[in-house]
Structures are given as C-alpha cells and as structure tokens.
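Report on the structure
Here's the letter readout for the chains.
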Amino acid sequence: MRARMAHLLSSATPARRILLAVAVSLPFFLLVLFIHEQALSHPAVSPYLDTALVRAMQWPMLGASLINLGVAAWVWPRRDDAAPLACATLLVCLTIGGTYTLITILSGPYTSPPSLVLGGVLLVGLLLFDRRPVAITFAVCMAMLLAHDAGVLAGWWAYAPGLRPALFQDPAASEAWRGWRTFVFVSGFAVLLGLAMVLFARLDALHGQLDTLSHTDALTGLANRRRLMEALEAEVARQRRTGRPFCLVMIDADHFKRVNDTWGHLQGDMVLRGLGRLLLAGVRSPTDLAARLGGEEFALLLPDTRLDEAEVVCQRMREALARERFGDPLAPFTITVSMGGAVCSSTTSHQALREADQQLYLAKATGRNRICLRTILGAVA
Ligand SMILES: Nc1nc2c(ncn2[C@@H]2O[C@H](COP(=O)(O)OP(=O)(O)OP(=O)(O)O)[C@@H](O)[C@H]2O)c(=O)[nH]1
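Residues numbered from 1 in each chain as written. Predicted model: local features only at pLDDT ≥ 70, side-chain atom pairs only at ≥ 80, totals over all residues. Heavy atoms only, no water.

You'll find the chain entered in an unreviewed UniProt entry as diguanylate cyclase, with Aquabacterium olei given as the organism.

Two elements in contact, helix α3 (residues 51-75) and helix α4 (residues 86-106), have axes separated by 10 Å at closest approach and are oriented at 165 degrees. Here α4 runs roughly antiparallel to α3, going by the angle between their axes. Crossing of α3 against α4: the hand is left-handed. Packed against α3, whose contacting residues are L53, V54, M57, P60, M61, A64, I67, N68, V71, W74 and V75, the element α4 presents A88, L91, V92, T95, I96, T99, L102, I103 and L106 at the interface. A per-class count over the contact of α3 with α4 returns 17 nonpolar, three polar and no charged. (Axes fitted to C-alpha atoms, helices over the stretch in contact; angles between N-to-C directions. Helix = DSSP H or I, 4+ residues; strand = E, 2+ residues; numbered from the N terminus. Parallel < 35°, antiparallel > 145°, perpendicular 65-115°, else oblique. Left-handed = near helix turned anticlockwise from the far one by under 90°. Contact = heavy atoms within 4.5 Å. Nonpolar A, V, L, I, M, F, W, Y, C, P; charged D, E, K, R; others polar.)

Tracing the backbone through its elements, the reader meets L373 in strand β5 (residues 371-377). Here L373 falls in the buried class, since its relative accessible area comes to 17%. Along the backbone, L373 and E355 are 18 residues apart, and their C-alpha atoms lie at a distance of 9.3 Å. Beyond its immediate chain neighbours, meaning those up to four positions away, L373 contacts L307, A310, E311, C314, G340, G341 and Q359. (Buried < 20%, exposed > 50% of the residue type's maximum accessible area, 1.4 Å probe, protein only.)

Glancing now at the UniProt feature "transmembrane region" (unreviewed entry) in the chain. UniProt records the feature "transmembrane region" (unreviewed entry) for residues 57-76, 83-106, 112-129, 136-159 and 179-201 in the present numbering. Secondary structure content for residues 57-76 is 95% helix and 0% strand, and the end C-alpha separation is 29 Å. Annotated as 100% helix and 0% strand, the span residues 179-201 places its first and last C-alpha atoms 33 Å apart. (UniProt positions renumbered as here; feature names shortened; annotations may be inferred.)

The pLDDT averaged across the chain works out to 91; a share of 97% of its residues lies at or above 70. This complex was scored by the predictor with a pTM of 0.67 and an ipTM of 0.93. (pLDDT = per-residue confidence, 0-100.)

Applying the stated criterion to the full structure yields 13 salt bridges. The residue E37 makes a salt bridge to R55 at a minimum N-O spacing of 3.5 Å. With E37 in helix α2 (residues 14-41) and R55 in helix α3, the pair connects residues that are 18 residues apart, well separated along the chain. Overall, the relative accessible area of 33% leaves E37 in the partly exposed class. Between R306 and E309 there is a salt bridge whose closest N-O contact spans 3.7 Å. (Salt bridge = Lys/Arg side-chain N within 4 Å of Asp/Glu carboxyl O.)

So, on to a nonpolar patch on the surface. Together, L20, V24, F28, L31, F34, I35, W180 and F183 make up a nonpolar patch on the protein surface, roughly 740 Å² of accessible area in all. Broken down by secondary-structure element, the contributors of at least two residues to the nonpolar patch are α2 and α8 (171-214). Looking at the nonpolar patch element by element, the count peaks at six residues for α2. (Patch = residues over 30% accessible without salt bridge, like charges linked within 9 Å, V, L, I, M, F, W, Y side chains within 5 Å. Areas by Shrake-Rupley, 256 points an atom, 1.4 Å probe, with all protein chains shown as cover.)

Attention now goes to the packing of helix α10 (residues 256-263) against helix α11 (residues 265-282). Contact pair α10 / α11: the axes reach a minimum separation of 6 Å and the direction vectors enclose 135 degrees. Judged by the angle between their axes, α10 and α11 are oblique. In this structure, α10 uses F256, V259, N260 and W263 to contact α11, whose residues at the interface are H265, Q267, G268, V271 and L272. Its residues placed into classes, the contact of α10 with α11 shows five nonpolar, four polar and no charged.

Spatially, the five strands line up as an open sheet ordered β2-β3-β1-β4-β5, and their pairing is mixed. Here the strands that pair on one side only, and so sit at the sheet edges, are β2 (289-294) and β5. Strand-to-strand twist of the sheet, defined as the mean angle between neighbouring strand axes without regard to direction, takes the value 20 degrees. Sheet analysis places β2 next to strand β3 (residues 297-302), joined by five bridges and oriented antiparallel. (Pairing = 2+ DSSP bridges.)

Take the state of the cysteines next. Counted according to the given criterion, the structure contains zero disulfides. Not part of a disulfide, C247 finds its nearest cysteine sulfur in C314, a span of 6.0 Å. A relative accessible area of 0% places C247 in the buried class. (Disulfide = S-S within 2.5 Å.)

Our next topic: the site of the ligand. Among the 16 residues in the neighbourhood of the ligand, the closest are listed as H255, F256, D269, R292 and K364. Here an oxygen atom of the ligand and a backbone polar atom of A253 are 3.1 Å apart. Between the ligand and E296 there is a distance of 3.3 Å, counted from an oxygen atom to a side-chain nitrogen or oxygen. In the complex, 67% of the free accessible area of the ligand, which totals 660 Å², lies under the protein chains. Residue assignment for the shell around the ligand shows that the elements contributing at least two residues are β1 (246-253), α10 and α11. In terms of residue count, the dominant contributor to the shell around the ligand is α11 (four residues). (Near = heavy atom within 4 Å. Polar contact = N/O pair within 3.5 Å; in protein donor to acceptor, adjacent residues only side chain to side chain.)

What follows concerns the packing of aromatic side chains. Going through the model one piece at a time under the given rule, you end up with six aromatic pairs. Relative to W157, the ring of W156 has its centre 6.2 Å away and its plane inclined at 65 degrees; by these criteria the two rings are edge-to-face. Overall, the relative accessible area of 65% leaves W156 in the exposed class. Given a relative accessible area of 40%, W157 falls into the partly exposed group. Counting every residue linked through ring pairs, the aromatic cluster contains F28, F29 and Y100. Residue placement shows R78 over the ring face of W74; its charged tip is 3.9 Å from the ring centre. (Phe/Tyr/Trp six-rings, centres within 6.5 Å; stacked < 30°, edge-to-face > 60°. Lys NZ or Arg CZ within 6 Å of the ring centre and 35° of its normal.)

And the structure:
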C-alpha cells in the first residue's frame, strides 16, 4: 500500500498533484468550517469562543476553498501534461499553508494540535511538489507565526485570540478542551505517521532505482563494470570458502570498428545490444553474470565452473553468435568475438582479471574468433 502510493505519487503529472492537494485539503477546510459552525451555535461552547473572530476566520477558509476550486478547474484539462505548473502550484501551496496557519493561530499556535496539522500540510507539500513552493510557503507560514508572536508581545491581541480566558478558568470547560485537544492531537499524529511512511517508501523506491541505474549498462541493460567488480569480489570470497573454482571470461567483438565504419554507429549500437541479449540468454540465471565493460568489450562471471564447463558455455555462445544475423534483412551480416578466460582457484580478483585479459589478448593475437581459457591456481590462503 505504502509502496503503491509512493509509486502513484512519483508517476503523477504536476496537474494531478495539484488536483490531489485540492482534493485532500478541501474536505479538511469544510470539516473545520463545520466544526467551527457547530461550536459557534452550541450554547455550551460558544461562550468560550470569540465568536466574532471565529466567524471572521471562516471567510479566509471559504476564500481559500474557492481559489483552490478555481485552480483545480483550470488545471483539470491539463491533467495529462508533463509541463510544470509553477504558479498554480505556488498558489495552491500558499492558500493551503496560509489558511492552516490562521487556523493554528486562532487557538494558540504552539499549544494546540492544529500546529501538528500544519506540520502535516508541509509534509504533504513535500510529497507532492518540488521543494521551492513548499519552502516559500513554509517561510510565509513562519512569518505569519512570528507576526502573531510580535502582536502578542506588543499586547495587540491574545496568544489564542479565538478563545476566551473563561475556557481555561472554568474546570469543566478546560477539561473538555483538553479532551478535544487530545483527540485532534492523536488523530493528527496518526495521519502524520502515515505520511512519513509514504515519504520513506518513496525514498526507498528512489534509492532502489538509483542502485539499479548505477549497476546497469545503459546501452544493453546488462550489468556494468561496477556491478561486475562487486560480483567478482564476492565470487573470490565464495571460492575461498567452498574451494570450487569460478571462471571469468573477457569477450571482445572482432574488428568492430569495421562494423561502425561500414554500417554506421547506430547499427553498431544495435549489434552491441544484440550481443548483450545473446550473452544474457546463454548464461545460467541467476548465478552467472553477463556484463558490458564498455565499448565492444563484455565479460562473463561463471561461479562454480570448471575449465571443461566454461569451454562448453563459451563454445555455445560463439555458435549462437555465428547463427545471428545483424543489420538489414536484405543485406545481413554476422560478427565474431574473441574470448579469453581464467578458471580461478585461490586467486585475487586482480589476478583473475589480469589472466582473463591475457587470454583475450592471446585469442586476438592468434587470429580472433576463438576461445582461449586457462586454469590458474593462486596462492591466496
Ligand atoms: N556503435 C558503438 N561503437 C562503439 C561503442 N563503444 C566503442 N565503439 C567502437 O568500437 C570500436 C573498437 O575498435 P577497436 O578498439 O579498434 O577494436 P576492433 O575494431 O574491434 O578490433 P579488434 O578488437 O582488434 O578486433 C571503435 O570504433 C569504437 O568507436 C558503442 O557504444 N557503440
């Protein structure tokens, strides 16, 4: 549920985010208006309220609701556009943030639960929008709170201007007020917790995406050099524990420059993608790893693999590549690769890479389109 909400939020257009903010805030405004109205008309409650002020406060709330409705109507036809709607976003943020700040001030900003709601509003803002409009709204809300403090210090108005002192002097009334505050506080806190969880789920999802991107080759979708190095280190450690060898194979397309020169760079990219697909299809999933190191150079990491087994894998790939046709179906062409591999026991990752590189060099030097594999036994305990 958390992850689904986080996904929905990250894929929503700017207009849909605005619509969501309005859809969430409007019922809240109406609820607060309703509660105020009930309190004003209740004979047991109204004596403890500054009725004129509380009623006057309904106008900004109504105004904010109308402005938000207007913005929602304006963005509705643009709900599938990806273009940012900076002004509309800022207007919605300011009206919602400003109205909640006024509500907060009414019953004493630092000792009443609406301040918790204000925190929630800013959190929702961060979930939905860029930091800029939320930061501006935060600054405006803080300025309003500071202006209120200044007015209290100067004696222009009371700390909780919407409430009469009798509320705190009458034991029964102050008890009821405490109960109401607890209710709003607990429910507000539960909502805040839910929002924080969605925010963290979104961070987790972004972290996962970043991790995948930083370990993936953009052209072929295979693992990249970083991922191969990490897997190689893990494999060297596993080999030491189990004593069973692994094989590291370096693969380099032969005369790839000719492919680019003859068929163009785009076609060259298609060939590299095709080669990547072929390598991926040829390895044992999920234990083996196929990676692109860069350019036209690829690698395979085959855990728990002896020399004869590695030979079978490489041979199978070479044959599959010989059957593969690239380019225009009317004028197809084939490519070949050279493979050099090291079947390693008790080596370091550095030794494995160096040996596989030397074997690849040997395959190139002895005519290309061939496989050179060698078993090496290092001295690592
Ligand atoms: N299309 C495409 N070409 C690339 C990419 N990366 C490297 N190349 C090209 O791959 C070619 C590699 O050329 P060389 O290093 O001379 O090697 P080769 O032509 O394959 O010759 P041998 O390896 O000796 O068989 C260069 O022309 C590079 O421009 C890529 O991402 N896409």
